[in-house]
Amino acid sequence: MGIWLLRRVGQIIPTLLILSVMIFGLQQLMPGDPALILAGEERGDEQVLAQIRAELRLDRSLPEQYWAWITRVIQGDFGFSWRIRVPVSELILEKLPVTFQLGAMAFIIAVLIGVPLGILSAVRKDQPADWAANGAALFGISMPNFWLGILMILLFSVQLGWLPPSGYVPLTEDPWQSLATTIMPAFVLGTGVAGVLMRHTRAAMLGAMSQDYVRTARAKGLRERVVVWKHALRNALIPVVTLGTIEFGRLLSGAVLTEQIFSIPGFGKLVVDAVFNRDYPVVQGVVLATALIFVLLSLLADILYMAINPRLRRA
Amino acid sequence: MRRHFVAAAMAVGVALGTGLAAQPAAAQQHLRIALREDPDILDPTLARTYVGRIVFASLCDKLFDINEQLEVVPMLATGYRWENPTTLIITLREGVRFHDGERMDAEAVVYSLNRHASFQGSFRRSELTGIEKVEAVDPLTVRITLRAPSAAFLSVLTDRSGMILSPRAAEAAGRDFGLRPVCAGPFRFVERVAQSRIVVERFADYWNPSVIHLDRITYLPIPDNNARIANVQSGAVEFAERMEPDHVEMVARNNRLRVVQVPELGYQGITYNLNNGPRAQTPFGQNPRVREAFELAIDRAAINQVVYSGAYTPTAQAVPPANPFHVRDFQPEARNVARARQLLREAGVQTPVRVELTVPNNPDLRQVGEVIQAMVREAGFELRINAMEFASSLQASTRGEFETFLLGWSGRVDPDGNIYTFVHSRGPANDGRYSNPEADRLLDAARVELDADRRRALYAELNQVSLRQDRARMYLWHRKNIFIHSTRLQGYVPVPDGMIRVQGLRLN
């Protein structure tokens, strides 16, 4: 177990290095000269452009630029935002808790809706409850985030006046207001994942329910509740956990539209604005941090497997 | 059990409704303003964005300001006089303090102007390039010597170039001054959370306290139009800037909101590629008759009606009607498809004439492109629309990778700022590389002409040369800055530059 864990952690470093090259390389393929964007209305002035390029080392070769960036990153220095001159690490540390809170709330909502619906749907297969759960999942998956978001803002903020339409208050500042500002975006974000989780839980449960050990458990005369919760669900949860961790990672990086609509100053909004403004250090820093989160989440998934399924520990 | 659960859920709902809803900032005079974008760095020397200027309006007073009639009025200065055509004497207000308690005097003005003009990476440099030297005559008098007479110079001091910074704070912070700006405005900087909020609070030692009634202002960047309108409708903010024409109707029946529409200083137009690389070597780029036919095929008023509900002002020139240098008798020609077809025949070009229109990828500008496409088709043009993300389109424009380009300009108080850089052969934003010595001569002459009537006549002549004769570019309309604010907010004075001046604002 210990050696396995060490080996898995060891794999993370080359993965991140390869990713850093890809992030840097892909960004160079984007059309649009950052110096032109940064020059704004002075963009026609060659002197201004040359000055920006020299200051940001855009006049150096790509390998030189990459080397300068990666050596600083290894030392923990992600550079500073070209647009607002704030250190990228500061921006990441400022935005990460916001997106993490949003992602965690969305994930909790998704699990609370998706997993029970999936179980219900599997246990009541081909009955009205199954159809209703499938319909709800389809709604969750196919409803565009921005549309649902706007509808919710219109209902809960403009019509009823219950919740603030946008913005964000940190948990540490005012927990109630923090909850108020994040509950709508979290719900919007969570519905899609709930649908996916429901479908997967249903499939995994149906698979587990048809296994021999379930038949044996029933033949022993166990109550149906014990068969479902203790025997089938525990086995069915393995693929759901894998999917859950991946979906959680996706929530962290994929909250772009939701953050935009609700003006939540999180990771997604940070990276989108940075891309549009060609703020390369921010794009690079945020994408690398997101990659790291994904890698760590997949490690966490592997560890969780072992906790849930003892056979893997012996393998 | 189930009934209890429902009751509990309802109680939570009520609690949410009463406790967590958007609370109006009633107790103190706290104004919340929804911005269309997140500003860039808050350093007047290094800042570039329009939206940043809105925040500076509360933080950094300028030597001069402009009023609703676009007249230059004193702010930190009390007056000025031209000693000779290249020497400007500015007298300063007494007893003005910066947010750090330092005194605002002639030395601070000299420091700020020199910083704007020469600081590494300054975006004010091109505006102040005409300055030869700045000197402090006495603690309240500054002498600015220019290299050549400049009619536009005073107006430059009504914007970021005229903002005076605390020398002590600027020296201490260096390039990081924008992280905690220290100026002499009515509000001082409190905090900024990128993409979330900028908070400023009333500066107790402001030189003109009687006009400041607010205690605190929070600027909230909310780029999504629907979210911005929802915020102002729900009372989560009291003011939303740069709204869309279709929002006007949306809130027309809401008696808690007021709509203010102000004609802007800039314009929307089409840049033609006349001489910038191989894309200019087309019948369209080389023959003014073809371009005339193109313009005659377009009905500006109809596009304005279809896309913007008629909110904007169709135009044929760069200077809006509110500006004293607007040439009244230079109006858009009426659409004339028959004449356009005839011009194409006279030009001897093969129809349909293929032209590409590059459009920044916004829904409304794409729609404008589509209407133009339909209109010019009737005259014999086959217009292809090339919608491009903004950053990419800027690069394409500068490199000459376009034939025609639909682009707007936020505008400047002085007409020179709307024309020179785009039309003069040495103009840094002349992406189409238009070049006519006569147009250059007129622009250079207008730049140094201090008599308003003679200057207007020069611009009138320039319009005839560059727009009617050469068809160097096409102006479409002057947009409007549309603001929506709560009726609780009193005292807002709209000025065409679109800035939100905080003097006189009060919440009831």
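What you see is a predicted model, and the numbers here were worked out from it, not measured in a lab.

1. Side note on the overall build of chain A
Part 1 of the reasoning: Summing up its helical and strand segments, chain A has 14 helices and 0 strands in all.
Part 2 of the reasoning: When the backbone C-alpha atoms are referred to their principal axes, chain A occupies close to 85 × 60 × 35 Å.
Part 3 of the reasoning: Within chain A, the proportion of its 315 residues that are buried is 42%.
Part 4 of the reasoning: Sequence separation of 24 or more characterises 71% of the internal contacts of chain A that already satisfy a separation of 6 or more.

2. Some words on the domain arrangement of chain B
Reports often express the size of an interface as the amount of accessible area lost when the parts come together.
All names here are of chain B.
Part 1 of the reasoning: Looking at chain B, the domain boundaries give domain 1 (3-36 + 186-264 + 481-507), domain 2 (64-170) and domain 3 (267-478).
Part 2 of the reasoning: Every contact between the two is made by 10 residues of domain 2 and, on the other side, 11 residues of domain 3.
Part 3 of the reasoning: Its residues assigned to classes, the side of domain 2 that touches domain 3 comprises 7 nonpolar, 3 polar and no charged.

3. Description of the domain arrangement of chain A
Residues and elements named next belong to chain A.
Part 1 of the reasoning: Here the domain parsing of chain A yields domain 1 (1-75) and domain 2 (89-312).
Part 2 of the reasoning: Counting from both sides, the interface comprises 13 residues of domain 1 and, opposite them, 12 residues of domain 2.
Part 3 of the reasoning: Within the residue set of the side of domain 1 that touches domain 2, elements represented by two or more residues are α1 (2-29) and α2 (34-39).
Part 4 of the reasoning: Of all the elements, α1 adds the most residues to the side of domain 1 that touches domain 2, at 9 residues.
Part 5 of the reasoning: When grouped by side-chain class, the residues that make up the side of domain 1 that touches domain 2 number 8 nonpolar, 4 polar and 1 charged.

4. Here's the deal with helix α3 (residues 46-55) of chain A
Residues that lie three or four places apart on an α-helix share one face, since the helix turns once every 3.6 residues.
Residue and element names in this part refer to chain A.
Part 1 of the reasoning: Those residues of α3 that fall on the buried side of the exposure criterion are V48, L49 and I52. Buried residues of α3, viewed axially, fall in a sector of 100°; they line one side. Facing away from the buried side of α3 by over 90 degrees, the exposed positions are E46 and Q47.
Part 2 of the reasoning: Against the buried residues of α3 lie α2.
Part 3 of the reasoning: One or two positions beyond α3, positive phi appears at R57, with a value near 60°.

5. Let's talk about the interface of chain B and chain A
Part 1 of the reasoning: Of the residues lining the interface, 43 residues belong to chain B; the matching set on chain A comes to 47 residues.
Part 2 of the reasoning: The set of elements that each furnish at least two residues to the side of chain B that touches chain A consists of α1 (2-20), β10 (216-221), α6 (225-234) and α13 (390-398) of chain B.
Part 3 of the reasoning: Per-element tally for the side of chain B that touches chain A: the top contributor is α6(B), with 6 residues.

6. Points about the sheet that holds strand β7 (residues 141-146) of chain B
All names here are of chain B.
Part 1 of the reasoning: The strand order across the open sheet built from 4 strands is β4-β5-β7-β6, with neighbouring strands paired in antiparallel fashion. At either margin of the open sheet sits one strand with a lone partner, and together these are β4 (77-84) and β6 (131-138). Strand-to-strand, the axes of this sheet are offset by a mean angle of 20°, without reference to chain direction.
Part 2 of the reasoning: For strand β5 (residues 87-92) and β7, the ladder comprises 5 bridges, and the chain directions are antiparallel. Bridge assignment links I90 to a residue of β7, and that residue is V142.

7. Concerning the UniProt feature "transmembrane region" (unreviewed entry) in chain A
Residues and elements named next belong to chain A.
Part 1 of the reasoning: The UniProt record marks residues 12-30, 100-123, 135-156, 176-197 and 286-308 with the feature "transmembrane region" (unreviewed entry), using the residue numbering of this structure.
Part 2 of the reasoning: Taken end to end, residues 100-123 is 100% helix and 0% strand, and its two terminal C-alpha atoms sit 33 Å from one another.
Part 3 of the reasoning: A helix fraction of 100% and a strand fraction of 0% characterise residues 176-197, whose end C-alpha atoms lie 28 Å from each other.

8. Regarding the pairing of strand β17 (residues 404-409) of chain B
Taken residue by residue, a regular strand's side chains alternate between the two faces of the sheet.
All names here are of chain B.
Part 1 of the reasoning: Counting buried positions along β17 yields 5 of 6 residues, so the element is predominantly enclosed.
Part 2 of the reasoning: Note: strand β15 (residues 353-360) against β17, 2 bridges, orientation parallel. By the bridge assignment for β17, L357 is matched with T404.

9. Here's the deal with the UniProt feature "domain: Solute-binding protein family" (unreviewed entry) in chain B
Part 1 of the reasoning: Within this numbering scheme, the UniProt entry marks residues 71-427 of chain B as carrying the feature "domain: Solute-binding protein family" (unreviewed entry).
Part 2 of the reasoning: Across residues 71-427 of chain B, the secondary structure splits into 29% helix and 25% strand, with the terminal C-alpha atoms separated by 26 Å.

10. Observations regarding the packing of helix α9 (residues 288-296) of chain B against helix α11 (residues 337-347) of chain B
Residue and element names in this part refer to chain B.
Part 1 of the reasoning: Between α9 and α11, the least distance of the axes is 8 Å, while the angle of their chain directions is 165°. The angle between the axes of α9 and α11 places the two elements in the roughly antiparallel class. Seen from above, α9 lies across α11 with left-handed handedness. Judged by residue contacts, R289, V290, E292, A293 and L296 of α9 engage R339, A340, L343, L344, E346 and A347 from α11.
Part 2 of the reasoning: When grouped by side-chain class, the residues that make up the contact of α9 with α11 number 7 nonpolar, no polar and 4 charged.

About the criteria used
Residues numbered from 1 in each chain as written. Chains lettered and ligands numbered in written order. Predicted model: local features only at pLDDT ≥ 70, side-chain atom pairs only at ≥ 80, totals over all residues. Helix = DSSP H or I, 4+ residues; strand = E, 2+ residues; numbered from the N terminus. Buried ≥ 20, exposed ≤ 12 C-beta atoms within 10 Å, placed from the backbone. Contact = placed C-beta atoms within 7 Å. Domains from an automatic or database assignment. Nonpolar A, V, L, I, M, F, W, Y, C, P; charged D, E, K, R; others polar. Arc of directions from axis to C-beta. Pairing = 2+ DSSP bridges. Axes fitted to C-alpha atoms, helices over the stretch in contact; angles between N-to-C directions. UniProt positions renumbered as here; feature names shortened; annotations may be inferred. Parallel < 35°, antiparallel > 145°, perpendicular 65-115°, else oblique. Left-handed = near helix turned anticlockwise from the far one by under 90°.

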